Amino acid sequence: MEPIDILLELIELQRLDSGLDSLEKIKKNFLSDIAAIDANIQSLKDTLQTEKKGHEELMKWRKSQEIEMGTLDSHIVKYTRQQNDVKSSDQVTALGQEIEKSKLAKAAIEENILETLMKEDEQKAQIKKTTEILAEEEKRAAAEKAEIQQKIADCNKAIADKHQERTTQLGKIEEPYNRGYENLRNKGKKLAVVAVTEENNCGGCNMNVPPQVLHEIRQKMAIKTCQCTRYLYIKE
Ligand SMILES: [Zn+2]
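Residues numbered from 1 in each chain as written. Predicted model: local features only at pLDDT ≥ 70, side-chain atom pairs only at ≥ 80, totals over all residues. Heavy atoms only, no water.

### Re the overall build of the protein chain
Then step 1. Helix and strand counts for the protein chain come out as four helices and two strands.
Then step 2. Along its sequence from the N terminus, the protein chain presents helices and strands in the succession α-α-α-β-α-β.
Then step 3. Considered along the principal axes of its C-alpha atoms, the protein chain spans approximately 130 × 35 × 25 Å.
Then step 4. Going through the 236 residues of the protein chain one by one, you find that 30% of them count as buried.
Then step 5. For the protein chain, contacts bridging at least 24 residues in sequence account for 71% of all contacts bridging at least 6. (Helix = DSSP H or I, 4+ residues; strand = E, 2+ residues; numbered from the N terminus. Buried < 20%, exposed > 50% of the residue type's maximum accessible area, 1.4 Å probe, protein only. Contact = heavy atoms within 4.5 Å.)

### Quick notes on the coordination of the zinc ion
Then step 1. Coordination sphere of the zinc ion, protein contribution only: Cys202 (SG), Cys205 (SG), Cys226 (SG) and Cys228 (SG), at 2.2 to 2.3 Å.
Then step 2. One can describe the donor arrangement at the zinc ion as tetrahedral, given that its four donor atoms subtend angles of 100 to 116 degrees at the metal. (Donors = N, O, S within 2.8 Å, 3.2 Å for Na, K, Ca; no water. Tetrahedral: all angles 85-135°; square planar, octahedral: opposite > 155°, others 65-115°.)

### A few points about the packing of helix α1 (residues 3-85) against helix α3 (residues 177-186)
Then step 1. Between α1 and α3, whose axes approach to 11 Å, the crossing angle comes to 30 degrees. Taken together, α1 and α3 sit at an angle that is classed as roughly parallel. Between α1 and α3 lies a crossing of right-handed hand. Contacts between α1 and α3 involve Ile6, Leu10, Leu13, Gln14, Asp17 and Asp21 from the former and Tyr177, Tyr181 and Arg185 from the latter.
Then step 2. Taken together, the residues of the contact of α1 with α3 break down into five nonpolar, one polar and three charged. (Axes fitted to C-alpha atoms, helices over the stretch in contact; angles between N-to-C directions. Parallel < 35°, antiparallel > 145°, perpendicular 65-115°, else oblique. Left-handed = near helix turned anticlockwise from the far one by under 90°. Nonpolar A, V, L, I, M, F, W, Y, C, P; charged D, E, K, R; others polar.)

### What about the environment of Ile173?
Then step 1. Tracing the backbone shows Ile173 in the loop between α2 (89-171) and α3.
Then step 2. On the basis of relative accessibility, which here comes to 3%, the residue Ile173 falls in the buried class.
Then step 3. If sequence neighbours within four positions are ignored, Ile173 has contacts with Ile6, Glu9, Leu10, Leu13 and Asn178.

### Quick notes on α3
Then step 1. Listed as buried for α3 are Asn178, Gly180, Tyr181, Leu184 and Arg185. Taken end-on, α3 shows its buried residues confined to a sector of 165 degrees, consistent with a single buried face.
Then step 2. On its buried side, α3 packs onto α1, α2, β1 (193-195) and β2 (231-233).
Then step 3. Where α3 ends, the next residue or the one after it, Gly188, has phi of about 90 degrees, a positive value. (Arc of directions from axis to C-beta.)

### Looking at the nonpolar core
Then step 1. Judged by nonpolar contacts, the single largest core of 14 residues is most densely connected at Leu7, Leu10, Tyr181, Val193 and Tyr231.
Then step 2. Elements with a contribution of two residues or more to this core: α1, α3, β1 and β2.
Then step 3. Broken down by element, this core gets its largest block of residues, four residues, from α1.
Then step 4. Of all hydrophobic cores here, the second largest spans 12 residues; its members include Ile41, Leu44, Leu48 and Ala141. (Core = buried A, V, L, I, M, F, W, Y, C linked by side-chain atoms within 4.5 Å.)

### A closer look at the packing of aromatic side chains
Then step 1. As enumerated under the stated definition, the model contains one aromatic pair in all.
Then step 2. Geometrically, the ring pair formed by Tyr177 and Tyr231 is edge-to-face, given 6.0 Å between the ring centres and 65 degrees between the ring planes. Remark: Tyr231 occurs in strand β2 and Tyr177 occurs in helix α3; sequence separation between them is 54 residues. (Phe/Tyr/Trp six-rings, centres within 6.5 Å; stacked < 30°, edge-to-face > 60°.)

### As for the pattern of salt bridges
Then step 1. Within the structure shown, the criterion is met by 18 salt bridges.
Then step 2. As a salt-bridge pair, Asp17 and Arg166 come within 2.5 Å of each other at their nearest N and O atoms. Separated by 149 residues along the polypeptide, Asp17 in helix α1 and Arg166 in helix α2 bring together distant segments of the chain. As far as the burial class goes, Asp17 and Arg166 line up, both buried. (Salt bridge = Lys/Arg side-chain N within 4 Å of Asp/Glu carboxyl O.)

Printed below as a string of structure tokens:
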């Protein structure tokens, strides 16, 4: 094979690899779209859980207030009964003060309970709303994800096809250029074959290409590499 033909095959191989890189990138974007959809659903679930927990805590607190009120009620009954039993007016007055204190405390608790019940109603409405939003979003997410997954499947198919093409193309390139190209790609160099720039620099690492090397590339005498080991060609 003439050096120029090897170079052309290398450039074609690189074109296929660039296509593969783009496909992989597209696929990665689809995967992150799916992750974003999942994260959104999770965040709604977390919100709902927080709302439910807040509601349960408030209910629990209200129930403790109701118990407290029951205790005050029984105190009032007890003091009233005692008032009938005691003889001295001082004792009657003292018990009367206790009854009054208990009644005031009961009234305050009653007000608290009323307020809490209203807050609980608000919480219930909010939980209902969040539950509905979550259900809607889950439905939408399922549809969107199915669509994206189809696109990922298409990508996978295209990637498999391109890999096949690439294997065939690599087979056309003789030693040691096939290995050299693979080494460059495996080292993470996206471009293994680069054009010499107008300033006579390597299109990969930007190092100057010596005149002798340029001359040999122009004469199509040999395949030349830059010091960065990339294959060099001159755009006609
Ligand atoms: Zn270079």
